[in-house]
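Topology and contacts: notes
Here is what each chain is made of, one letter per residue.
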Amino acid sequence: MPEGKVTMTPEEITLIRQVMPETLDFPYYPDRESAWVLAQMMPEVASVARLRQMPFGKLLSRPALRPLVAQGGGVLNRRDILAVAHAHWAMHMEALSAAGLDAVDATFALPWHDFELSFDSWGLRRWYFDQTTRQAGNLVLQMGFPSDHAAIMGRYLTPGVRKTFEYPAHPIRISGRPPLAWARLDIDLSSGDALIEEVQSDWLRFASEEVDELRESAPRSRELASMERYRADLVARYGKIWSRAMLLAALLVLRDELALRRVWMHQPGPGTVFKRIDWSGPPRSLYSDLPKSFGFAPTRERPGFLRRLPARVRRKLPKEGPLFWLMTF
């Protein structure tokens, strides 16, 4: 196991959960993450030309920000970007430009999802099997389905079917909205470092597996027809956005709520070494395309709490190339 102090103890996870609300409202609309990331990285006022030269400059080409760039006269104000990132309370912000007001109005023409965030804990009891990078627990951030999901389930499925899409050994919720996805977080409050261990959705995967099983066992059944319609609705609503919404939710909690300054994510290959995954790993895009789209930078640097590594990990890590993704605020 990694040498040095184990800092993410059950007591520290409990402390974080005690200072956080039991649940947090998390409205999500397409491309909200681009505005939020840009607002964290830019000064109060900056020229578009200067911003384009920075590592996160590609965000200016995102749909949510293009109108601001087009109408801003070559200059962007951070308060306008923040207003787009937090459109649900932008009405309380002062001194927005006309372009900023127009950009906020445009978000309300997009599909909104009223996700609900909640917290759980993970690891420590079965460390070797829990896929944690060090012998420590994780804070789990759960992203509960939007409020309209219950009606969708009622339209297609019979009561009591929820357990079909949940794996009891994973961080599910016993009551309330079931998680569409979750993120596992290893946090060191003393150094300001946080490692996003995992971003995952069981629900979408299990819905697809249930369709496949019914096609084999009951190909002409009404149950299959209903499950296919339900799965299609899920994919149409959440298939393209769940991972982006989940990563944004994790960043909002880590940066805005816990004031952490450096957030790390695993690279696809090294991540399987750090977490001792000896079988097929998670979808590669979740640890390559997803962090890259948020502006994470590849690095061989490691979080402070992983400075010293056991020999078995050092032997398996690649000698060259990045080991992690890093976002610094």
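Residues numbered from 1 in each chain as written. Predicted model: local features only at pLDDT ≥ 70, side-chain atom pairs only at ≥ 80, totals over all residues. Heavy atoms only, no water.

A word on the nonpolar core. If you look at soluble globular proteins, the nonpolar side chains tend to sit buried side by side. If you look at the biggest cluster of nonpolar residues, it comprises 94 residues, and the most contacted ones within it are F26, I187 and Y230. In terms of residue count, helix α10 (residues 242-257) provides more of this core than any other element does, 11 residues in total. Core analysis: the second largest hydrophobic core is formed by 12 residues, F305, L309, V313 and F324 among them. (Core = buried A, V, L, I, M, F, W, Y, C linked by side-chain atoms within 4.5 Å. Buried < 20%, exposed > 50% of the residue type's maximum accessible area, 1.4 Å probe, protein only. Helix = DSSP H or I, 4+ residues; strand = E, 2+ residues; numbered from the N terminus.)

Right, let's get into the confidence of the model for the protein. Taken residue by residue, the protein gives an average pLDDT of 91. The fraction at 70 or more is 96%. For the protein, helix α1 (residues 10-19) is the element with the lowest average pLDDT, namely 89, and strand β8 (residues 262-266) is the one with the highest, namely 98. This stretch, residues 1-5, has a pLDDT under 50; its non-local contacts, to residues over four places away or in other chains, come to 14 contacts. (pLDDT = per-residue confidence, 0-100. Contact = heavy atoms within 4.5 Å.)

Two side chains with opposite charge may pair up if their charged atoms get near one another. On inspection of all chains with the given rule, the structure shows 18 salt bridges. Notably, a salt bridge pairs R17 with D120, separated by 3.8 Å at the nearest N-O pair. Pair noted here: R17 is in helix α1 and D120 is in strand β4 (residues 113-122), with a separation of 103 residues, a long-range link. A residue is classified by how much of its surface remains accessible, and R17, at 35% relative accessible area, is partly exposed. The residue D193 makes a salt bridge to R262 at a minimum N-O spacing of 3.0 Å. With D193 in strand β7 (residues 193-200) and R262 in strand β8, this residue pair connects regions lying 69 residues apart in the sequence. Looking at D193, the relative accessible area reads 1%, which means it is buried. Salt bridges linked by common partners bring D148, R155, D233 and R237 together as one network. (Salt bridge = Lys/Arg side-chain N within 4 Å of Asp/Glu carboxyl O.)

This part covers α10. Spanning 16 residues, α10 covers 21 Å between terminal C-alpha atoms, matching the ideal 22 Å at 1.5 Å per step. In terms of burial, α10 is largely enclosed, as 14 of its 16 residues are buried. The positive-phi residue at the C-terminal boundary of α10 is A259, with phi of around 60°. (Expected span 1.5 Å × (residues − 1).)

Further remarks concern unusual backbone geometry. Phi at D31 is positive, roughly 75°, even though this residue is not glycine. You can see D31 is positioned in the loop between β1 (23-28) and α2 (32-41). Note on D31: relative accessible area 6%, which makes it buried. In this structure, A95 is a non-glycine residue whose phi angle is positive, near 60°.

With that out of the way, let us pick up the sheet that holds β8. Strand order in the open sheet formed by eight strands is β1-β4-β5-β6-β7-β8-β10-β9, and the pairing between neighbours is mixed. The sheet is open, and its two borders are formed by β1 and β9 (297-299), each paired with just one other strand. Across the sheet, the axes of successive neighbouring strands diverge by a mean angle of 30°, strand direction being ignored. Bridge count for β1 against β4 is six bridges, and the pairing is antiparallel. Paired with Y28 across the bridge in β4 is H113. The strands touched by α2 are β1 and β10 (324-328); relative to β1, the strand with the most contacts, the crossing angle is about 105°. (Pairing = 2+ DSSP bridges. Axes fitted to C-alpha atoms, helices over the stretch in contact; angles between N-to-C directions.)

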